[in-house]
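In case you want the letters, here they are:
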Amino acid sequence: MDRLHAMKTFVTVVESGGFTAAARKLDVSLSVVSRVITELEAHLGVRLLTRTTRVVRPTETGAAYLENCKRILGDIEDAELAAAGTHAAPRGSLAVTAPVLFGARHVTPIVVEYLQRYPEVDVNCLLLDRNVSFIDEGVDVGVRIGELPSSSLQAIPVGRVRRVVCAAPSYLAQHGVPRSPDDLLAHTLIQTTGVSALAEWRFMVQGEQKPLRFTPRLATTTNDSAIAAAVAGFGMARVLSYQVAGELWDGRLRVVLVDYEPPAMPIHVIHREGRHAMQKVRAFLDLAIDRLRADKSLN
């Protein structure tokens, strides 16, 4: 059994989400992929994959083996690139994930700069307002806002953002500036929400976070539309500070209740490669960390 070939096949199966997709990507038959994985599991004496009719995913042992395979294959790729004298030129495909609005405003410009620097790399952006599974969805690098749960992912802090309540100067001139969270109940409130009609904002009151529950006049599923309504002078919206950085700088919105804001939330660039990250991942990390840390709206 060719161990390196088996490792590459295993990694491709996991990142592709199944045997058929892996066979297509590797340009071999389905039976070849199945045979290689069977031989690999027999050689190691462990089950690496859990197979169902809908999905193929690594076992706990398989997930650990996956990371080692990626490290080994990455080291080999780096060695080959160095021998060829092209170590400074990443190549291959890279998958990046981030929240929708953050991705559009902050990650996409970094991706474009990265692609312009490295013409031998292709990037797939998954801009989604949910936590993407790095293993199940084949993601290399992500940006997450908020405290991170314990995991095997590597996390690099790049900034912090606040939860801010804001309104247009015209609205505040007409309706007054709230002095405490309870004052908001007398105002027109805009909520970015899912399906619940009852909204809740949390504020720091005497050192403790306390909820303010209300029924919004306007409930919308996107931050962009909530911000647009606030800019139009309809009412007050609560969003993350980076989402309204431009509107605050040019005076279209003003922040209220600053003294009652909860603690700022961290922003991390996360990846799963460890210190042995492949060249394409390292190059993206270096660029993203530099650009995000230099962004005044995130720090």
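Structure shown above.
The structure reproduced in this document is the subject of the present report. (Residues numbered from 1 in each chain as written. Predicted model: local features only at pLDDT ≥ 70, side-chain atom pairs only at ≥ 80, totals over all residues. Heavy atoms only, no water.)

Time to look at the packing of helix α5 (residues 100-117) against helix α9 (residues 279-293). Where α5 contacts α9, the axes come no closer than 10 Å and their chain directions differ by 130°. Taken together, the axis directions place α5 and α9 in an arrangement best described as oblique. Viewed along their axes, α5 and α9 form a crossing whose handedness is right-handed. Two secondary-structure elements touch here, α5 through Phe102, His106, Ile110, Val111, Glu113, Tyr114 and Arg117 and α9 through Lys280, Ala283, Phe284, Leu287, Ala288, Arg291 and Leu292. (Axes fitted to C-alpha atoms, helices over the stretch in contact; angles between N-to-C directions. Helix = DSSP H or I, 4+ residues; strand = E, 2+ residues; numbered from the N terminus. Parallel < 35°, antiparallel > 145°, perpendicular 65-115°, else oblique. Left-handed = near helix turned anticlockwise from the far one by under 90°. Contact = heavy atoms within 4.5 Å.)

Time to look at the layout of surface pockets. Size it by volume and the largest pocket reaches roughly 850 Å³. Around the largest pocket, the lining is made up of 27 residues, and of these Glu15, Lys25, Ser93, Met278 and Lys280 lie nearest the centre. For the lining of the largest pocket, the secondary structure elements donating two or more residues are α1 (3-16), α2 (19-26), α4 (60-83), β3 (92-98) and β4 (121-127). When residues in the lining of the largest pocket are grouped by element, the largest group, six residues, is from α1. When grouped by side-chain class, the residues that make up the lining of the largest pocket number 10 nonpolar, six polar and 11 charged. Each of two domains, domain 1 (3-84) and domain 2 (92-160 + 272-294), supplies a minimum of three residues to the lining of the largest pocket. Put simply, the second largest pocket is a space of about 570 Å³. Considering the residues around the second largest pocket, the lining is formed by 27 residues, among which Pro99, Asp129, Ile145, Leu240 and Gln243 are closest to the centre. When contributions to the lining of the second largest pocket are tallied by element, the ones reaching two or more residues are β3, β5 (141-145), β8 (189-192) and β12 (236-240). For the lining of the second largest pocket, the class distribution of residues is 14 nonpolar, seven polar and six charged. Taken domain by domain, the makeup of the lining of the second largest pocket includes at least three residues from each of domain 2 (92-160 + 272-294) and domain 3 (163-260). (1 Å grid on protein atoms, 1.4 Å probe; cavity = no way out; pocket = protein on both sides within 12 Å on 5 of 7 lines; lining within 4 Å. Points joined across faces, edges and corners; volume = space filled by probe spheres on them. Nonpolar A, V, L, I, M, F, W, Y, C, P; charged D, E, K, R; others polar. Domains from an automatic or database assignment.)

Counting residues in hydrophobic clusters, the biggest one holds 30 residues, and the most contacted among them are Phe102, Tyr114, Val143, Phe284 and Leu292. At the level of secondary structure, the elements contributing two or more residues to this core comprise β3, α5, β5, β6 (154-161), β14 (265-271) and α9. Those residues in contact with Phe102 that lie beyond four places of it in its chain are Val107, Val143, Ile145, Tyr242, Ile267, Leu292 and Leu298. Counting 19 residues, the second-largest nonpolar core is a separate cluster that includes Met7, Val11, Val13 and Leu48. (Core = buried A, V, L, I, M, F, W, Y, C linked by side-chain atoms within 4.5 Å. Buried < 20%, exposed > 50% of the residue type's maximum accessible area, 1.4 Å probe, protein only.)

Here we take up the side chain of Ser297. For Ser297, the location among the structural elements is in the segment after α9. Accessibility expressed as a relative area gives 11% for Ser297, which makes it buried. A distance of 2.7 Å separates the side chain of Ser297 from the side chain of Asp295, its partner in a polar contact. What Ser297 contacts, discounting residues up to four positions off in sequence, is His106, Ser241, Tyr242, Ala245 and Trp249. (Polar contact = N/O pair within 3.5 Å; in protein donor to acceptor, adjacent residues only side chain to side chain.)

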